[in-house]
Amino acid sequence: MKQLAEILGGYIEKNRERLFALSQQIWEYAEVGFQEYRSAEALKDFLKEEGFSIESGVAGIPTAFVAKYGQGKPAIGFLGEYDALYDLSQEPGNPERKYFKDQNAGHGCGHNELGVGSLAAAVAVKDYMKEQGLAGTVYYFGCPAEEDGSGKMFMARAGVFDELDGAFTWHPEEKNAVDGNSWLACIGVLYRYKGRATHAAGQPHLGRSALDACELMNVGVNYLREHMIQDARVHYAYRDAGGGAPNVVQDHAAVYYFIRAPKVAQAIELRERVDNIARGAALMTETQLEIVTTDGLCDFVPNHALSELLQQGLEAVGAPNFTDEDRALAAQFQKGFDPAEIEAQIKWYGEKYGEETAREIAKSPLMDKVILPLQFNPIVSPGSTDVGDVSYVCPTAQLFTCTFAIGTAGHSWQLTAMSGCNIGHEGMLTAGKAMACAAVKAMQNPDVLQKAREEYVKTTGGSYICPVPADVAPMLDGVK
Ligand SMILES: [Zn+2]
């Protein structure tokens, strides 16, 4: 793997400046889910220049695309994301809170790097195929709206990933590790009630309150909690509380639910129970109910065979090569964090990976020396990702590399700031190199791909389970 890492690392280093510029460009665009037009174009232009053929607007999503190089088997794909988050604009590299220009959205989850890191891997594998005579197909999937919209679910449902023998992706993190955790399946459902308005004091008997319906539904769901599986998670937010006047019976109200469970089949089942409670609330209040499925995603099933390749790739490449300035800047960011939080984080590493590892991590504000060992955790992580849907279509493995200071909160303006400077970009190149190594290794070893496929069939049943009904379309204009 060491030799492979040198060759592929060389291909990526050759493009270092262009890759940094592309990531910085997407960082500046900061486009939110399904609106990533300029970001997708920038990625496509780069891939076109590198000789990839492009199919745009896949799965009925204008900002989704597939880039392809080569032909036939084996077929390996990289997943790229590029959506930003509202309210997280921040100047690049600035540890003091300051919005970037007049922008509202920012890359507070580092998806600018995510898209470009995966692109770096795809281009490096292409270079390897071209120069070393490796046969097969390398794909790059432009996957929009990871944060809110489940782009990959719609792409999986449309069969976009069907040709793949394996998929690799990564996510910006504070650590260098291969993801051995599974993640919860999740279904988003909007429950919208319609009642009858009236004077709340004058003719209350004529009113039918949509707000009452929402409240009764929530009470019902809160009783359901005692009778659902431990690892399931159900949470809600009011999208419409019926207006601000107490003396008007609310004739409209809506509550938005996320229904999560360790397995997609469990989430589908639990969602039906929540639907029934919603119907009960409509019956009690004599209101009309509309149930709108907004999106959904499968649980993530890490493929052990491909994850092991990814670990070997990461170990061969090594931790990101940060500079002293990077470390100094990361330390400045850390000054703004709660020291107890950082301490707790280091302690967590100690419990999971041993005291020596924790001590090593504590030496630097960036994880620039340590590569965490691969651990497959039997406990499901309490978050969700639409990479899960790809893991139900083909063997899939996911990597993390250090792109921000230890102790940085997810979805934060500090994370936006570090995603727009050298710290994030350096980690991004490491991810690209490690994924490229794993992919080439997989393409060279049909036995590993066979093993990965058998494992995939065993762990998922071998066919995609869509978490949402067939008529649900992507909410390109957001959930309303
Ligand atoms: Zn993310």
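In this text, all values refer to a predicted model and were calculated from it rather than measured experimentally.

Definitions and cut-offs
- Residues numbered from 1 in each chain as written.
- Predicted model: local features only at pLDDT ≥ 70, side-chain atom pairs only at ≥ 80, totals over all residues.
- Helix = DSSP H or I, 4+ residues; strand = E, 2+ residues; numbered from the N terminus.
- Expected span 1.5 Å × (residues − 1).
- Buried ≥ 20, exposed ≤ 12 C-beta atoms within 10 Å, placed from the backbone.
- Contact = placed C-beta atoms within 7 Å.
- Axes fitted to C-alpha atoms, helices over the stretch in contact; angles between N-to-C directions.
- Parallel < 35°, antiparallel > 145°, perpendicular 65-115°, else oblique.
- Nonpolar A, V, L, I, M, F, W, Y, C, P; charged D, E, K, R; others polar.
- Pairing = 2+ DSSP bridges.
- Domains from an automatic or database assignment.

(A) Structural detail: helix 8 (residues 304–317). Its 14 residues place the ends of helix 8 20 Å apart at the C-alpha level, agreeing with the 20 Å of an ideal helix rising 1.5 Å per residue. In terms of burial, helix 8 is largely enclosed, as 12 of its 14 residues are buried. Turning to helix 8, its buried residues are Ala305, Leu306, Ser307, Glu308, Leu309, Leu310, Gln311, Gln312, Gly313, Leu314, Ala316 and Val317. Elements in contact with the buried residues of helix 8: helix 1 (2–14), strand 5 (166–173), strand 6 (177–178), strand 11 (396–402), helix 14 (422–444) and helix 15 (446–460). Of the residues trailing helix 8, Gly318 is marked for its positive phi of about 90°.

(B) Molecular detail of the packing of helix 9 (residues 324–335) against helix 14. It is the contact of helix 9 with helix 14, at a shortest axis distance of 9 Å, that shows an interaxial angle of 120°. Comparing their axes, helix 14 and helix 9 come out oblique. Between helix 9 and helix 14, the contacting residues are Asp326, Leu329 and Ala330 on the first element and Asn422, Ile423 and Glu426 on the second. Classifying every residue of the contact of helix 9 with helix 14 by side-chain character gives 3 nonpolar, 1 polar and 2 charged.

(C) Layout of the sheet that holds strand 3 (residues 75–80). Read across the sheet, 7 strands follow the order 1-2-4-3-5-11-6 without closing on themselves; strand pairing throughout is mixed. Only two strands of the sheet have a single partner each, and these edge strands are strand 1 (53–56) and strand 6. Across 4 bridges, strand 1 lies against strand 2 (residues 65–71) in antiparallel orientation. Residue pairing in the sheet places Ser53 in a bridge with Lys68 of strand 2.

(D) The domain arrangement of the protein chain, seen in detail. Each domain of the protein chain was delimited in the assignment, giving domain 1 (2–182 + 299–460) and domain 2 (185–297). Inter-centroid distance (C-alpha atoms) of domain 1 to domain 2 is 36 Å. Taken together, the contact between domain 1 and domain 2 spans 11 residues of the former and 11 residues of the latter. Among the residues making up the side of domain 1 that touches domain 2, the classes are represented as 3 nonpolar, 5 polar and 3 charged.

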